[in-house]
Amino acid sequence: MQRNIASIFAQFKTDTKLKSYRSFGSGHINDTLLVKTVGASDPDFVLQLVNHHIFKDVPGLMHNIAIVTDFIRSYLKDIPGSDLDSEVLTLIKTHEGKAFTKDEQGNYWRCYLYIPNTISYDKVDSEEKAFEGGRIFGKFQSILSGLDAKRLSETIPYFHDLEKRLEAFRKTIAENPVNRVLQVSDEISFVEERAEELLSITRKINNGEIPIRITHNDTKFNNILFDKQNHAQCIVDLDTVMPGSVLHDFGDAIRTAANSAVEDEVDLSKVSLDIKLFKAYTAGYISEARTFLVPSEIENLALSAKFMVFIIGLRFLTDFIDGDNYFKIQHPEHNLQRCRAQFQLVRSIESQFDEMKKVINNLDVQYSKMIEI
Ligand code: ADP
Ligand code: GN1
Ligand code: MG
């Protein structure tokens, strides 16, 4: 394995050699390795095996990432004080000038420059970090609003489309491939009780009431790199950057930024929406996004949090019923455990929904005041 990874790494034009590597991060889809290099002053690298069972068009996906990172880099170039190598991912090309390489087993690999002195968080423990997270995702969308969405392909079609996710869910229940349906009857009822209300978001996006922009689509908090002063520095995990709705990014970020527990918490009494973290994330987000958000987006921000926690819980549940073919798991009930923690967070959002709406309205009021000035 060591030699294999070394030879894959050697396909990329890095001017150095692999000294050692270790697995890195806690993603559920790709395999991520941190590669340490031989020279004391040589940079380190992130080598990733892209899951081509899930990302069916890896060349298209890599083309998207190249367009997006080039665009952000050229934007930052004109901003005084920007540090290009640490504020945007740097793709390392192969010796043939390609953005990825394919190994003998048909696996796709890519390589990024490792951004040193950074850290990412699975769980958020302060309002300052939550604010920073909101600010950087708002800035990311704001920068990309200058890029023509037609230049990007859809890496996973219908990714956050609840109609399609419900279809897949009901089909999997009907097939019941590993006989798990009976075990999850409470969770199935939970889904059906809320499906209709939440479908309103997908319908408004599909009928054009809510605009399509370039969005990240996987705004888990650990996809933000923080520097040592806990300043949000760079957004990573760009596989799903494609045309979408800001509601998906906002809701998905709240799922982890304002969750008092981890995504797969077993003790459901620990899982709740922390309203202070919600407020901080939202304030950070609005501080950047107020320049482009339209009323139909602002009006649905609170509901988007419930929507995204629900849809990810639904995907964990579907995968559990299907026999765990999509998300990586650490034990047989892991997807069910994740689903239950997500559904508990949905319940907590429901119990604080009015408060969440108030937080958004108050920020929005400040926005209107600024416009009047
Ligand atoms: P996954 O698909 O496995 O979630 P990510 O691209 O999010 O993969 O990478 C996993 C983790 O590795 C991230 O959460 C982040 O902490 C870290 N990471 C990724 N890319 C870099 C980079 N270029 N420099 C520093 N850390 C990185
Ligand atoms: C997956 O790769 P990772 O772990 O960042 C998934 C997201 C889910 C997330 C749940 C391509 O993201 O959609 O929200 O797990 N990515 C894909 O933790 O399906
Ligand atoms: Mg990630």
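Residues numbered from 1 in each chain as written. Chains lettered and ligands numbered in written order. Predicted model: local features only at pLDDT ≥ 70, side-chain atom pairs only at ≥ 80, totals over all residues. Heavy atoms only, no water.

Before going further, it helps to examine the sheet that holds strand S2 (residues 31–37). Strand order in this open sheet of five strands is S1-S2-S3-S5-S4, and the pairing throughout is antiparallel. Because the sheet does not close on itself, it has two edges, and the strands there are strand S1 (18–23) and strand S4 (101–102). As defined by bridge partners, S1 adjoins S2 across five bridges and the pair is classed as antiparallel. Counterpart to tyrosine 21 in the pairing with S2 is valine 35. Packed on one face of the sheet, helix H2 (residues 58–77) meets strand S3 (45–50) and strand S5 (108–113) and runs near 15° to S5. (Pairing = 2+ DSSP bridges. Helix = DSSP H or I, 4+ residues; strand = E, 2+ residues; numbered from the N terminus. Contact = heavy atoms within 4.5 Å. Axes fitted to C-alpha atoms, helices over the stretch in contact; angles between N-to-C directions.)

Before going further, it helps to examine the coordination of the magnesium ion (ligand 3). Around the magnesium ion (ligand 3), the protein supplies Asn223 (OD1) and Asp237 (OD) as donor atoms, at distances of 2.2 Å. Here aspartate 237 lies in the loop between strand S8 (232–235) and strand S9 (242–244) and asparagine 223 lies in the loop between strand S6 (213–215) and strand S7 (224–226), a separation of 14 residues in the sequence. When its relative accessible area of 25% is taken as the criterion, aspartate 237 is described as partly exposed. (Donors = N, O, S within 2.8 Å, 3.2 Å for Na, K, Ca; no water. Buried < 20%, exposed > 50% of the residue type's maximum accessible area, 1.4 Å probe, protein only.)

Once that is clear, we can look at the site of ligand 1. Residues in contact with ligand 1 amount to 18 residues; listed here are only the nearest, Gln48, Ile115, Ser120, Asn222 and Asn223. Note that an oxygen atom of ligand 1 is positioned 2.6 Å from one of the side-chain N or O atoms of serine 120. The side chain of asparagine 223 places a nitrogen or oxygen atom 2.9 Å from an oxygen atom of ligand 1. Protein burial of ligand 1: of its 550 Å² of free accessible surface, 95% is covered by the chains. Each residue belonging to the shell around ligand 1 can be placed in one class, and the counts come to eight nonpolar, nine polar and one charged. (Near = heavy atom within 4 Å. Polar contact = N/O pair within 3.5 Å; in protein donor to acceptor, adjacent residues only side chain to side chain. Areas by Shrake-Rupley, 256 points an atom, 1.4 Å probe, with all protein chains shown as cover. Nonpolar A, V, L, I, M, F, W, Y, C, P; charged D, E, K, R; others polar.)

All right, on to the pattern of salt bridges then. This model, assessed by the stated rule, comprises 19 salt bridges. Across the salt bridge formed by glutamate 355 and lysine 358, the nearest N and O atoms sit 3.9 Å from each other. Taken as a pair, glutamate 355 and lysine 358 lie in helix H12 (residues 353–372) at a separation of three residues, close to a single helical turn. Judged by relative accessible area, glutamate 355 falls into the partly exposed class, the value being 38%. One network of salt bridges, with partners in common, ties together Glu193, Arg194, Glu197, Lys306 and Glu350. (Salt bridge = Lys/Arg side-chain N within 4 Å of Asp/Glu carboxyl O.)

Turning to the site of ligand 2, a few remarks are in order. The local shell around ligand 2 holds 16 residues, among which His28, Asp218, Glu263, Arg315 and Tyr326 are the closest. The backbone of histidine 28 places a nitrogen or oxygen atom 2.8 Å from an oxygen atom of ligand 2. At a separation of 2.8 Å, an oxygen atom of ligand 2 approaches a polar side-chain atom of lysine 220. For ligand 2, whose free accessible area comes to 450 Å², the fraction covered by protein is 97%. Of the residues forming the shell around ligand 2, the biggest block, three residues, is contributed by helix H10 (residues 301–322). Split by residue class, the shell around ligand 2 holds seven nonpolar, three polar and six charged.

The subject of this paragraph is unusual backbone geometry. Located in the positive-phi region is aspartate 237, a residue other than glycine, with phi close to 60°. With a phi close to 60°, aspartate 324 is a non-glycine residue in the positive phi region. Accessibility expressed as a relative area gives 16% for aspartate 324, which makes it buried.

Moving on: the nonpolar core. Membership of the largest hydrophobic core comes to 109 residues, with the highest contact counts inside it found for Leu162, Phe278, Tyr281, Tyr285 and Leu317. Residue contributions to this core peak at 15 residues, all from H10. Residues in contact with tyrosine 281, not counting those within four places in the same chain, are Ala130, Phe131, Gly133, Gly134, Phe137, Phe250, Ala253, Ile254 and Ala257. Counting 14 residues, the second largest nonpolar core, distinct from the first, contains Ile5, Phe12, Leu18 and Cys111. (Core = buried A, V, L, I, M, F, W, Y, C linked by side-chain atoms within 4.5 Å.)

Under the counting rule described, the total for this entry stands at 12 aromatic pairs. Ring geometry for phenylalanine 100 and tyrosine 108: centres 5.6 Å apart, planes at 55°, overall tilted. Take phenylalanine 100 and tyrosine 108: they sit in the same class, and that class is buried. Cluster of aromatic residues (ring-pair linked, three or more members): Phe250, Phe278, Tyr281 and Tyr285. Above the ring of tyrosine 158, the side-chain terminus of lysine 164 is found at 4.5 Å from the ring centroid. Geometry around phenylalanine 190 places arginine 194 over its ring, the cationic atom sitting 3.7 Å from the centre. (Phe/Tyr/Trp six-rings, centres within 6.5 Å; stacked < 30°, edge-to-face > 60°. Lys NZ or Arg CZ within 6 Å of the ring centre and 35° of its normal.)

It is worth spelling out the packing of helix H7 (residues 246–257) against helix H8 (residues 275–289) at this point. Where H7 meets H8, the closest approach of the two axes is 10 Å, and the angle between their N-to-C directions is 145°. You can see that H7 and H8 cross each other, and the crossing is right-handed. Contacts between H7 and H8 involve Val246, Phe250, Ala253, Ile254 and Ala257 from the former and Leu277, Phe278, Tyr281, Thr282 and Tyr285 from the latter. Grouping the amino acids of the contact of H7 with H8 by side-chain chemistry returns nine nonpolar, one polar and no charged. (Left-handed = near helix turned anticlockwise from the far one by under 90°.)

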